[in-house]
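# Descriptive structure summary
Each chain, written out:
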Amino acid sequence: MLVDVNLVLRAISPAVGSWNFIWSLLPIAGARRTSRKLPHHRNFTPLGLFYLTPYTCSLPVAPMVLLTTLLFLSQSGVSRYWHKLTDRTFTGVYHANAFDLMMMIPYFIILVILAVYGLHRYWLVYDYYKYRKNVPGPPPEVKEWPRVTVQLPIFNERYVIERLVEAVSRFDYPRELLDVQVLDDSTDETQQIARACVDRHAAQGMPITYIHRSNREGYKAGALENGLKTSRGEFVAIFDADFIPEPDFLRRTIPYFFDPAEGKNIGMVQTRWTYLNRDYSLLTQVETILLDGHFVVEHGARSRRGTFFNFNGTAGVWRRASIEAAGGWEHDTLTEDTDLSYRAQLRGWKFLYLPNIECASELPVDMNGFKAQQARWAKGLMQTAKKILPEVFKSNAPWHVKAEAFFHLTANISYPLMVVFSVTLLPVMIVRFYQGWFQMLVIDLPLFLASTCSISSFYLVAQKEIRPKTWTRTFLYMPFVMAVGIGISIRNAQAVIEAIVGKKTEFARTPKFKIEGKKDTFVAKKYRNKAGWMPFAEVFLGLYFAATVVYAITNENYATIPFLLLFVWGYLYTGFMSLGQTYFAHLRFGVNAPEMRPAASGAPGF
């Protein structure tokens with residue numbers, strides 16, 4: 001059935017004013033001219049914008065309905081906004097001045113760099129799927145089990161040390177082949193608690209010793225190095241204080257070192273973290289998504305492709321010979337685990353990632369502790385980049401290994417760039433408005449999509465892999481993931497700059513409070529990190545972006561508002577949570593989502 005377009009246009013002409021745009025849509029909608037001639041109907045539209053063709057056009061009914069809808073919308077705000085976007089008033093009039101160039105040149109440099117790192121995330125996802133078959137198979141049967149040293153480095157861990165030792169005491173590994181060390185650098189009552197715990201288990205026949213240092217030289221790396229001096233194991237398993245390994249952990253990981261093909265070259269095996277308290281609050285949900293992205297996509301892609309990846313400092317097993325061959329533990333960076341990992345792999349040792357073996361852990365529950373952890377990782381990776389990348393580039397490693405090492409170790413440079421990007425965004429919006437929307441759509445938009453949308457795809461892939469039945473819930477958390485990533489950018493930017501200029505700082509530990517469920521609390525417990533001045537800067541930036549949102553609304557720049565709101569929420573959330581938890585420890589914005597996936601027993605950067 002065909003409808004005469006001219007008749008419809010004449011019928012609704014009093015309500016329609018924007019005819020040029022609508023008439024241009026007719027060929028696209030499938031209109032075709034008929035051979036029937038009509039008299040000229042000149043100027044029958046209210047605004048007299050054009051002369052109707054002497055030929056009538058015919059359309060099928062369905063497109064005609066769509067066209068009629070578009071006609072009515074042409075008088076609405078949608079039409080006015082479209083004309084605003086395509087307005088060429090300043091074409092040929094606007095000329096960039098010195099201020100505009102001062103804003104635009106850094107803006108585009110930063111946007112291009114962020115886009116490159118964003119494209120690298122896409123590349124990791126590509127490698128993850130392309131090399132999906134390169135995963136460890138079942139381990140061989142071990143006829144003679146080796147001696148294993150289990151190192152438990154702690155510092156002021158009064159709330160969790162007994163839980164950790166209890167978990168290790170349940171290992172179903174031959175007792176006569178175990179060598180457990182509690183490496184305690186504590187300065188508080190943890191000393192008495194840990195010593196009593198060790199004595200109690202030793203009396204029950206557990207091969208466990210307590211080693212206390214009166215100083216923190218080298219921090220965690222120093223404690224591990226000191227423990228190796230008296231250890232007897234051929235292999236070394238390491239667990240941080242907030243981890244709870246399963247009883248079969250060693251029996252499932254050690255056999256991979258005895259693989260007939262590559263076992264003798266394997267220097268370390270890393271397992272995947274799970275989380276006891278993922279549903280404790282919105283913050284812990286976000287942390288879970290961030291860490292899952294690292295353990296699923298990053299570790300998965302790098303290990304499958306055969307590029308370098310790092311030991312995560314805990315929940316892994318080292319061959320002692322590989323530690324010694326790499327030069328042992330060194331403490332000139334805050335990420336001693338990544339430093340040793342790269343040195344070992346540069347010397348020919350192979351690393352193995354075992355995502356199917358899980359180890360439960362406890363996530364930081366306070367914002368200040370979370371930010372301290374993220375800043376330590378950001379600074380440590382940049383320190384490692386300065387130390388290790390020259391050696392990587394000089395090595396005989398393939399080009400793709402060198403490229404991946406560069407992107408891995410320097411990824412946190414995005415944080416100071418993000419801060420500069422944040423501060424310049426408002427003046428850039430003003431300048432870009434006068435330059436026209438075409439340039440923004442053609443230049444800015446692709447760069448923006450490359451740098452931001454890759455974050456969502458990266459973490460969504462990770463959730464789909466490990467939670468195939470419930471991964472779609474992650475969409476609800478993605479705005480919060482991106483907002484928190486923006487919110488911690490100031491603290492991480494400071495850490496990265498300190499690493500670049502060579503400023504040394506103390507190892508900032510992540511406090512653990514034995515939080516395993518929503519009923520647990522860290523109110524009145526020790527070890528909370530102080531807020532400092534950083535939250536005030538975050539709140540200030542949040543208010544600055546709130547003003548930017550007002551500016552965008554005033555100038556009908558609606559397309560930028562969702563993006564700007566991420567900055568508002570990210571900076572205000574991290575700032576107020578840091579300040580609030582300093583004075584109100586129970587503040588956590590709890591969530592009531594059900595447990596999506598139990599941890600094994602029942603966390604960077606963007």
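Refer to the structure printed above.
## What about the side chain of Q270?
- Inspection of the secondary structure assignment puts Q270 in strand β9 (residues 266-275).
- Side-chain polar atoms of Q270 contact the backbone oxygen of A315, separated by 3.3 Å.
- Ignoring any residue separated from it by four or fewer positions in sequence, one finds Q270 in contact with F295, H299, F309, F311, N312, T314, A315, G316, L352, Y353 and L354.

## Some details on the packing of helix α5 (residues 98-130) against helix α10 (residues 282-305)
- Two elements in contact, α5 and α10, have axes whose closest approach is 8 Å; the angle formed by their N-to-C orientations is 60°. In terms of orientation, α5 lies oblique with respect to α10. Between α5 and α10 lies a crossing of left-handed hand. Contacts between α5 and α10 pair H120, W123, L124, V125, D127 and Y128 from the former with V296, V297, E298, G300, A301, R302, R304 and R305 from the latter.

## Focus: the pairing of strand β4 (residues 148-154)
- With seven of seven residues buried, β4 is to be regarded as a mostly interior element.
- Of the two faces of β4, the one carrying V148, V150, L152 and I154 and the one carrying T149, Q151 and P153 are both buried.
- For β4 and strand β5 (residues 178-184), the ladder comprises seven bridges, and the chain directions are parallel. Paired with P153 across the bridge in β5 is L183.
- Crossover handedness for the path β4 to helix α6 (residues 161-169) to β5: right-handed.

## Things to note about the sheet that holds strand β6 (residues 208-212)
- The eight strands lie next to each other as β6-β5-β4-β7-β10-β9-β11-β8, forming an open sheet whose pairing is mixed. Here the strands that pair on one side only, and so sit at the sheet edges, are β6 and β8 (243-244).
- Note: strand β7 (residues 235-238) against strand β10 (residues 316-319), four bridges, orientation antiparallel. Counted as the bridge partner of V236 is W318 from β10.

Parameters at a glance
Residues numbered from 1 in each chain as written. Predicted model: local features only at pLDDT ≥ 70, side-chain atom pairs only at ≥ 80, totals over all residues. Heavy atoms only, no water. Helix = DSSP H or I, 4+ residues; strand = E, 2+ residues; numbered from the N terminus. Polar contact = N/O pair within 3.5 Å; in protein donor to acceptor, adjacent residues only side chain to side chain. Contact = heavy atoms within 4.5 Å. Axes fitted to C-alpha atoms, helices over the stretch in contact; angles between N-to-C directions. Parallel < 35°, antiparallel > 145°, perpendicular 65-115°, else oblique. Left-handed = near helix turned anticlockwise from the far one by under 90°. Buried < 20%, exposed > 50% of the residue type's maximum accessible area, 1.4 Å probe, protein only. Pairing = 2+ DSSP bridges. Right-handed = clockwise from strand over helix to strand, strands pointing away.

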